[in-house]
Amino acid sequence: MCKVNRYEIVGSFLRPEVLKEARAAFEAKEITQNELTEVENTEIKKLVEKQKAADLNVFSDGEFRRSYWHLDFFWGLNGVEHNVRDQGYLFQGEETRADSARLDGKIAFNPEHPVFEEFSFLTELVPAEKIRHSIPAPAQLHSELVRGDNADKIAEFYDEEEDLYQDIAKAYRETILHLYELGARQIKLDDCTWGMIADENYSKTKYAEGFDLEALKKLYVRLNNDAIVDLPEDLSITTHVCRGNYHSTWAASGGYEAVGETLFGQENADAFFLEYDDDRSGDFAPLRNLPADKKVVLGLITSKNGQLEDKQTIIDRIKEASQYVSLDRISLSPQCGFASTEEGNILTEEDQWKKLQLVKEITEEIWG
């Protein structure tokens, strides 16, 4: 069952200043974990009330308990440790903090994973079935584990790469099933791997490093599919693809043509949240690969700045996309979250809510 609304959110929201200050104080050992958690709880409650006021149909905790959209989740799995590399991720004009994730054992499900507390707390504020909880995709974990010298750790614990693939999928599937037991009925897999492969310069680099790009695409779709095989019928699995979203900068550029056949045609997600806010995302033609039973959420409203898009321009773009996917299978959202990392994008909280209001107004004009 695919639970996608006409107007959508991607999940992360700008962190309030009080939360940033509390996290910095915790890192400096000036407050305890319990004190930080209390601040997180308070700010998540406020965020939920704002989402209700905005008349949203699905809720998120804004990823307020995370520093990164992906690494915090990786660190919660058994067999994965927090490490710091010599260099962060390179974006256009900026470099991120240098945190990363690598193996310190065999990957396995962790029943004490923080993601379960994230979800459970939110169920105290809104019905569980109205929550869409975001976690990074299995393919994203693999991409991090083979990043630079992180890859050296794999041979310490795995003689065969096939065993690593199976452990990633198994740990994810068990995590997803436990979230289901806690009441989750909507889970979104955030996945930048496809946006990176679509970038010609990135692909050339991977090719020079000895990667077979076609094999890599097959591996990524296999990891993601193996993690979501044989799930309960009333659990909706969606995925979000972007090209990097850090402090209003980006990491990759290129349309979906290079990955559309594999990603849209073979990944077993119910719906695809796709970045489409500027020319870097290419045209809508690759959407022809989307099977008739799949939906697409067009990320036509940028989350990278506060300038409001022209309403008619967005309406026209949605109609253009409907040449490849019927209008009844299209929804609208911002291109990404507003704060994929705790730094957040460069816009105000007021801008953030105006963007979501614009999404709602456009969908009401198109679909009524």
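Up top is the structure these notes are about.
Criteria and thresholds
Residues numbered from 1 in each chain as written. Predicted model: local features only at pLDDT ≥ 70, side-chain atom pairs only at ≥ 80, totals over all residues. Heavy atoms only, no water. Helix = DSSP H or I, 4+ residues; strand = E, 2+ residues; numbered from the N terminus. Rg over C-alpha atoms; globule rule 2.2 N^0.38 Å. Buried < 20%, exposed > 50% of the residue type's maximum accessible area, 1.4 Å probe, protein only. Contact = heavy atoms within 4.5 Å. Areas by Shrake-Rupley, 256 points an atom, 1.4 Å probe, with all protein chains shown as cover. Pairing = 2+ DSSP bridges. Axes fitted to C-alpha atoms, helices over the stretch in contact; angles between N-to-C directions. Core = buried A, V, L, I, M, F, W, Y, C linked by side-chain atoms within 4.5 Å. Phe/Tyr/Trp six-rings, centres within 6.5 Å; stacked < 30°, edge-to-face > 60°. Lys NZ or Arg CZ within 6 Å of the ring centre and 35° of its normal. 1 Å grid on protein atoms, 1.4 Å probe; cavity = no way out; pocket = protein on both sides within 12 Å on 5 of 7 lines; lining within 4 Å. Points joined across faces, edges and corners; volume = space filled by probe spheres on them. Nonpolar A, V, L, I, M, F, W, Y, C, P; charged D, E, K, R; others polar.

Enquirer: I tried to follow the overall build of the chain on my own but got confused; where do I start?
Expert: A count of helices and strands for the chain gives 13 helices and 10 strands. Taken against the 2.2 N^0.38 rule, which gives 21 Å for 368 residues, the C-alpha radius of gyration of the chain at 19 Å falls within 12% of a compact globule. A principal-axis box enclosing the C-alpha atoms of the chain has dimensions of 55 × 50 × 45 Å. Sorting the 368 residues of the chain into buried and exposed places 59% on the buried side. Excluding contacts between residues fewer than 6 apart, the proportion of contacts in the chain whose partners are at least 24 apart in sequence is 78%. Put simply, the chain shows about 15200 Å² of open surface, and 46% of that area lies on carbon and sulfur atoms.

Enquirer: What is the right way to look at the sheet that holds strand 8 (residues 271-275) in this model?
Expert: If you walk across this open sheet you meet the 6 strands as 5-6-7-8-9-10, and the pairing is parallel. The sheet is open, and its two borders are formed by strand 5 (133-136) and strand 10 (330-334), each paired with just one other strand. The average undirected angle you get between the axes of adjacent strands in this sheet is 25°. Of the strand pairs in this sheet, strand 6 (residues 186-191) and strand 7 (residues 236-241) are connected by 6 bridges, and their pairing is parallel.

Enquirer: Which parts of the structure should I look at to understand the nonpolar core?
Expert: Taken as a class, soluble globular proteins show a tendency for nonpolar side chains to be buried jointly. Counting 99 residues, the largest nonpolar core has Ile107, Tyr172, Leu274, Leu287 and Leu298 as its most contacted members. Counting residues per element, this core draws most heavily on helix 7 (residues 161-181), which supplies 8 residues.

Enquirer: Explanation requested: the packing of aromatic side chains in the structure shown.
Expert: Both the distance between ring centres and the angle between the ring planes are used here to describe each pair of aromatic rings. Counted according to the given criterion, the structure contains 11 aromatic pairs. Ring geometry for Trp194 versus Tyr220: centroids 6.0 Å apart, planes at 80°, classification edge-to-face. With Trp194 in helix 8 (residues 193-197) and Tyr220 in helix 10 (residues 213-227), the pair connects residues that are 26 residues apart, well separated along the chain. Pair check on accessibility: Trp194 and Tyr220 agree, each one buried. Feature note: the residues Tyr256, Phe264, Phe272, Tyr276 and Phe284 constitute an aromatic cluster, connected by ring pairs. Taking NZ or CZ as reference, Arg65 lies 4.8 Å from the ring centre of Phe121, over its face. Of note, Arg147 hangs over the ring of Tyr89, and the distance from its end group to the ring centre comes to 3.9 Å.

Enquirer: Would you take a moment to explain helix 5 (residues 138-145) for this structure?
Expert: Among the 8 residues of helix 5, 8 are classified as buried, and the element is accordingly described as predominantly covered. Taken residue by residue, helix 5 has Pro138, Ala139, Gln140, Leu141, His142, Ser143, Glu144 and Leu145 as its buried positions.

Enquirer: Would you explain the layout of surface pockets in this entry?
Expert: Gaps left between atoms show up when a probe the size of a water molecule is rolled over them. Each pocket or cavity is described by its volume, and for the largest pocket that value is around 1000 Å³. For the largest pocket, the lining is made up of 45 residues, of which Tyr89, Leu90, Arg147, Met196 and Tyr202 are closest to its centre. The element best represented in the lining of the largest pocket is helix 9 (residues 200-208), accounting for 4 residues. Residues belonging to the lining of the largest pocket are distributed by class as follows: 16 nonpolar, 18 polar and 11 charged. As a volume, the second largest pocket reaches approximately 550 Å³. Considering the residues around the second largest pocket, the lining is formed by 24 residues, among which Arg23, Glu40, Arg65, Asp72 and Pro114 are closest to the centre. Where the lining of the second largest pocket is concerned, the elements lending two or more residues are helix 1 (17-27), helix 2 (33-53), helix 3 (71-75) and helix 4 (114-123). Here the lining of the second largest pocket gets 5 residues from one element, more than from any other, and that element is helix 2. Partitioning the lining of the second largest pocket into residue classes produces 7 nonpolar, 6 polar and 11 charged.

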